Amino acid sequence: MNVITYKNLLLELDKGNNCVIITNLNNNNNNNVTSQNKLLYTDGNLSEFNCQSDLDKLLYQKSKYALETGNLQFVKKSEDETYLIEAYFPEPRLIILGGGHIAKPLAEFASKTGFSVTVIDDRPSFANSERFPTARKVICESFDNCFDFINLNKSAYVVIVTRGHRHDMDCLRQVLKHNTAYVGMIGSKRRVKIVMQQMLDDGYAKEKLNAVNAPIGLKIGAVTPDEIALSIISQVISYRRLGNVTTSVTNPIKTNWPEFDHDVLNELCKEEISPRALITIISTKGSVPRNAGAKMIIWPFGKILGSIGGGCSEGEIINTARNLIKDGGYKLQSIDMTGTIAEDEGMVCGGIMNVIIETF
């Protein structure tokens, strides 16, 4: 059942949907399995949910809160009834249309700030992995045909930085057919005005065009390619964290995006007879190497996939997990990285991570 749940999770995330998984935990020994009861909801079907059906009001409210904030929820309803509620957000993707001098630093900044980067250009000398080593994908294709190779959805942030306004218009026409998280187009005020007027003349709605960030980027007086790229990625990050604050009538809710461990989630989709332990960071305080949501899988014979930060503190969790695999159930544990503990282990961190270990 867990395998199907995680498979469906990845399918929904690929569509750009925010999701929540509710895990019913227990410590009853049952062939080393903590719980096979995992329920998956998307933000869409949860919003249409009737609290009187198969999910009670408290779990519904906690699930909505998890989706709004990104914060994991640990709900203990009774001694025998405990739930872990985890929000999963699609991996944010930055689609850079154009591989010129601004695209290069932009791809680097985006990769460092947690985006999966795709760069597209129709020139082989500009669209290659040597030029963009940090990009997940580099596509050499015309701007007319490239949209067949990318999946534009609510998790896509699109930056149009082509070499001419004709290409800009071609790209913008295609992008506006989709519901994306962000659209920005480079150009002077004069160039942008020409493109927008042409789009209006072609019948595009003014409201749709007003949502395009053009000229692109935050106003920081940027001049050099690096500075312009920095202004662009800053604006993209603001949309990721706060949404489109220019159209918000209330104070935006800052969302904590849980860490996204794609390799771990893919592994959880595989059928396996051997018992394993899944370790998840459920909360943090202070400076820590990884944030809430980070995961790792432990096998009893020594195999490990993923990481929650490394070091001796992770080794302690691994030992706990291997012992727990023998008995089944789940366990909460804290990792203290403050004061002399951090100094003795040579860590620059100074915080505390709370993790949950669940066997399955």
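Residues numbered from 1 in each chain as written. Predicted model: local features only at pLDDT ≥ 70, side-chain atom pairs only at ≥ 80, totals over all residues. Heavy atoms only, no water.

A.B. asks: Is there a simple way to think about the overall build of the protein in this case?
C.D. replies: Counting secondary structure elements, the protein contains 11 helices and 14 strands. Expressed as a percentage of contacts within the protein between residues at least 6 apart in sequence, the contacts between residues at least 24 apart total 59%. Surface accessibility of the protein: about 17600 Å² in total, with carbon and sulfur atoms responsible for 49%. (Helix = DSSP H or I, 4+ residues; strand = E, 2+ residues; numbered from the N terminus. Contact = heavy atoms within 4.5 Å. Areas by Shrake-Rupley, 256 points an atom, 1.4 Å probe, with all protein chains shown as cover.)

A.B. asks: What am I meant to see in the pairing of strand E5 (residues 93–97) here?
C.D. replies: Two faces make up the sheet, and in a regular strand the side chains alternate between them. Counting buried residues in E5 gives five out of five residues, a clear majority hidden from the surface. Every second residue of E5 is oriented toward a common face, with Arg93, Ile95 and Leu97 on one face and Leu94 and Ile96 on the other, all of them buried. Of the strand pairs in this sheet, E5 and strand E6 (residues 116–121) are connected by five bridges, and their pairing is parallel. The residue of E6 that forms the bridge with Ile95 is Thr118. As a crossover connection, the stretch from E5 through helix H4 (residues 103–112) into E6 is right-handed. Of the pairings in the sheet, the one linking E5 to strand E8 (residues 156–160) comprises five bridges and is parallel in character. Across the sheet, Ile96 pairs through a bridge with Val159, a residue of E8. (Buried < 20%, exposed > 50% of the residue type's maximum accessible area, 1.4 Å probe, protein only. Pairing = 2+ DSSP bridges. Right-handed = clockwise from strand over helix to strand, strands pointing away.)

A.B. asks: In this structure, what is going on with the nonpolar core? I would like to understand it.
C.D. replies: Considering soluble globular proteins, one finds that nonpolar side chains tend to be buried as a cluster. With 37 residues, the main nonpolar core has Leu94, Ile96, Val159 and Val236 as its most contacted residues. Secondary-structure elements contributing two or more residues to this core are strand E1 (19–25), helix H3 (57–69), strand E4 (81–88), E5, H4, E6, E8 and helix H8 (225–242). Per-element accounting of this core gives the leading share, five residues, to H8. What Leu94 contacts, discounting residues up to four positions off in sequence, is Leu106, Ala110, Phe115, Ser116, Val117, Thr118, Tyr157, Val159, Ile233 and Val236. Membership of the second largest hydrophobic core comes to 25 residues, among which are Ala156, Met169, Met196 and Leu209. (Core = buried A, V, L, I, M, F, W, Y, C linked by side-chain atoms within 4.5 Å.)

A.B. asks: It is not clear to me how the sheet that holds E1 should be interpreted in this structure. Could you clarify?
C.D. replies: Pairing between the strands of a sheet comes from backbone hydrogen bonds, and it takes one of two forms, parallel or antiparallel. Strand order in the open sheet formed by four strands is E2-E1-E4-E3, with antiparallel pairing between adjacent strands. Every other strand in the sheet has two partners, leaving strand E2 (38–42) and strand E3 (73–78) as the edge strands with one partner each. Across this sheet, the average inter-strand angle for adjacent strands is 20 degrees, counted without regard to direction. Summarising the sheet, E3 and E4 pair through five bridges and their orientation is antiparallel. By the bridge assignment, Gln73 is partnered in E4 with Ile85. Strand contacts of helix H1 (residues 2–14): E1, E2 and E4, with the helix running at about 15 degrees to E2, the strand carrying the most contacts. (Axes fitted to C-alpha atoms, helices over the stretch in contact; angles between N-to-C directions.)

A.B. asks: Can you walk me through the packing of H4 against H8 in this structure?
C.D. replies: How two helices pack is summed up by the angle between their axes together with the distance between the axes. Across the interface, H4 lies against H8 with an axial gap of 8 Å and an inter-helix angle of 45 degrees. Taken together, the axes of H4 and H8 lie oblique to each other. Read as a crossing pair, H4 and H8 show a hand that is right-handed. In this structure, H4 contributes Pro105, Leu106, Phe109 and Ala110 to the contact, and H8 contributes Pro225, Asp226, Ala229, Leu230, Ile232 and Ile233. By residue class, the composition of the contact of H4 with H8 is nine nonpolar, no polar and one charged. (Parallel < 35°, antiparallel > 145°, perpendicular 65-115°, else oblique. Left-handed = near helix turned anticlockwise from the far one by under 90°. Nonpolar A, V, L, I, M, F, W, Y, C, P; charged D, E, K, R; others polar.)

A.B. asks: Can you help me understand the packing of aromatic side chains in this one?
C.D. replies: Centre distance and the angle of the planes are the two values used to describe a pair of aromatic rings. Applying the stated criterion to the full structure yields two aromatic pairs. Look at Phe115 and Tyr157: their rings are 5.5 Å apart centre to centre, the planes differ by 85 degrees, and that puts the pair in the edge-to-face class. With a gap of 42 residues between them, Phe115 in the loop between H4 and E6 and Tyr157 in strand E8 connect regions that are remote in the sequence. For the pair Phe115 and Tyr157, one class covers both residues: buried. Arranged with centres 5.0 Å apart and planes meeting at 80 degrees, the rings of Tyr182 and Tyr239 form a pair that is edge-to-face. (Phe/Tyr/Trp six-rings, centres within 6.5 Å; stacked < 30°, edge-to-face > 60°.)

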